[in-house]
Amino acid sequence: MFHALYERLRRMPLRARLVLLTAGMVVVFVWTLALVPALFSALFSDIAFAPEIAFLRSTFVVAVLLTLVSIFAVRWTAQRMLLPLEEAGWAMQRMSDGEAPLAPLPIRREDEVGRMIGHFNRLIEDRARQEVSLKRMNRALRLLSECNAVLIHAEREQSLLDEICRLIVESGGYRKAWVGYVETNGEARPVSQAGDAAGHRSSVALPLVTEQGTIGALTICSDDADAFGVDEMALLQELADDL
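Summary of the structure given here. One numbering rule holds for all chains: residues counted from 1, following each sequence as written. Given that this is a predicted model, residues contribute local features only at a pLDDT of at least 70 and side-chain atom pairs are listed and counted only at 80 or more, while totals for whole chains, interfaces and linings are drawn from all residues. For side-chain calculations, the full set of non-hydrogen atoms in the structure is used, while hydrogens and water are omitted.

### Description of the environment of Ser203
Counting from the N terminus, the helices are the DSSP runs of H or I reaching at least four residues and the strands are the DSSP runs of E reaching at least two. By the secondary structure assignment, Ser203 is in strand S3 (residues 202-210). Sequence spacing of Ser203 and Asp223 is 20 residues, and the spatial spacing of their C-alpha atoms is 8.9 Å.

Put into structure tokens, the structure is as follows:
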């Protein structure tokens, strides 16, 4: 029992522990004020010190009342300060058991509990970014595999370019893909495209290089502002090199 009480006190925020300490000191002081004179008065005659004894009895009643009030105040304060911690623990348990999706928790106060929840939220955000990055990598790998299969069976250049652009949009989940060849005047001439670039938030141009040099580029547009990470770019560049 004492170990459980110690663990509960240890998890309390510093402010809650200070409240408990203050309340305890108040209770000790009041009971000292009530009992020490009462013990002292027991050595004397009840008749001679009747007014003083009546006063001490009143002090004793006040001490009892103040003790009950202190207990109620400490209990209410502890419950109020521990409530965010208990709610956070319950929410984390549900996430751990798979009953709720991983999501940041609300920060109610800027104290020890609030900082702990803030650290937890940063872990959740880091994991969410890792999951998004992993999904993009898997998508890029699947796209690369499908495009390689098309390259193996391709018979005409135009149909190959059209199919590659279609796969980038439909299988890769990108907003738009288009292939442009560089003309003698330096301008790019679109030769194949799929999707619609309206409203896209990021894009990348992957050079198409042959033995004669750069002949054009494969441009891919995405709805995500940070869609093209380093690993994903490496896979897409491999696709452009194969093309």
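Further notes follow.
### Things to note about the packing of helix H4 (residues 112-153) against helix H6 (residues 230-242)
The relative placement of two packed helices comes down to the angle between their axes together with the axis-to-axis distance. Axis definition: a line fitted to C-alpha atoms, over the contacting stretch in the case of helices. Angles run 0 to 180 degrees between N-to-C directions. For the pair H4 and H6, interaxial distance at closest approach is 9 Å and the crossing angle is 5°. On the basis of the axis angle, H4 is roughly parallel to H6. Where H4 abuts H6, its residues Arg136, Met137, Arg139, Ala140, Leu141, Leu143, Leu144, Cys147, Asn148 and Leu151 lie against Asp231, Glu232, Leu235, Leu236, Glu238, Leu239 and Asp242. Small angles under 35 degrees read as roughly parallel and large ones over 145 as roughly antiparallel, with 65 to 115 read as roughly perpendicular and the rest as oblique. Contacts were defined at the residue level, with two residues in contact if any of their heavy atoms lie within 4.5 Å.

### Re the pairing of S3
Pairing between two strands is assigned when DSSP locates at least 2 bridges connecting them. Bridge count for S3 against strand S4 (residues 213-222) is 9 bridges, and the pairing is antiparallel. When the bridges of S4 are listed, Ser203 appears paired with Cys221. Linking S3 back to S4 in an antiparallel pair, the connection comprises 2 residues.

### Quick notes on the packing of aromatic side chains
Aromatic contacts are taken between Phe, Tyr and Trp rings whose centres are within 6.5 Å, Trp giving its six-membered ring; a plane angle under 30 degrees counts as stacked, one over 60 as edge-to-face, and the others as tilted. Using the criterion set out here, one finds 1 aromatic pair in the structure. Residues Tyr174 and Phe228 carry aromatic rings whose centres are separated by 5.8 Å and whose planes lie at 5° to one another, so their mutual orientation is stacked. Here the residue Tyr174 occupies a position in the loop between helix H5 (157-170) and strand S1 (176-182), and Phe228 occupies one in the loop between S4 and H6, the gap between them amounting to 54 residues. Only protein chains enter the calculation, and the probe is 1.4 Å; a residue is then buried if its accessible area is under 20% of its type maximum, exposed if over 50%, and partly exposed in between. Residue classification places Tyr174 among the buried residues on the basis of a relative accessible area of 3%. Only lysine NZ and arginine CZ atoms are considered, and such an atom sits over a ring when it is within 6 Å of the ring centre and within 35 degrees of the ring normal. Its end group placed over the ring of Tyr174, Arg139 keeps NZ or CZ at 4.4 Å from the ring centre.

### Some details on the side chain of Ser222
Topologically, Ser222 is positioned in strand S4. With a relative accessible area of 3%, Ser222 lands in the buried category. Any pair of nitrogen or oxygen atoms within 3.5 Å is treated as a polar contact; in protein, a donor-acceptor pairing is required on top of that, and neighbouring residues in sequence qualify only through side-chain atoms on both sides. Polar side-chain contacts of Ser222 include one of 3.1 Å to the backbone nitrogen of Asp224. In this structure, Ser222 is in contact with Tyr174, Arg175, His200, Arg201, Ser202, Ala227 and Phe228, ignoring residues within four places of it in sequence.

### A word on the packing of H4 against H5
At their nearest, the axes of H4 and H5 sit 10 Å apart, and the two run at 165° to each other. With respect to H5, the element H4 is oriented roughly antiparallel. Handedness of the crossing formed by H4 with H5: right-handed. Contacts between H4 and H5 pair Leu143, Glu146, Cys147, Val150 and Leu151 from the former with Leu160, Glu163, Ile164, Leu167 and Ile168 from the latter. Asp, Glu, Lys and Arg are counted as charged, while Ala, Val, Leu, Ile, Met, Phe, Trp, Tyr, Cys and Pro are counted as nonpolar; the rest, among them Gly, fall into the polar class. Looking at side-chain class alone, the contact of H4 with H5 contains 8 nonpolar, no polar and 2 charged residues. Left-handed describes a crossing whose near helix is turned anticlockwise from the far helix through less than a right angle; right-handed describes the clockwise counterpart.

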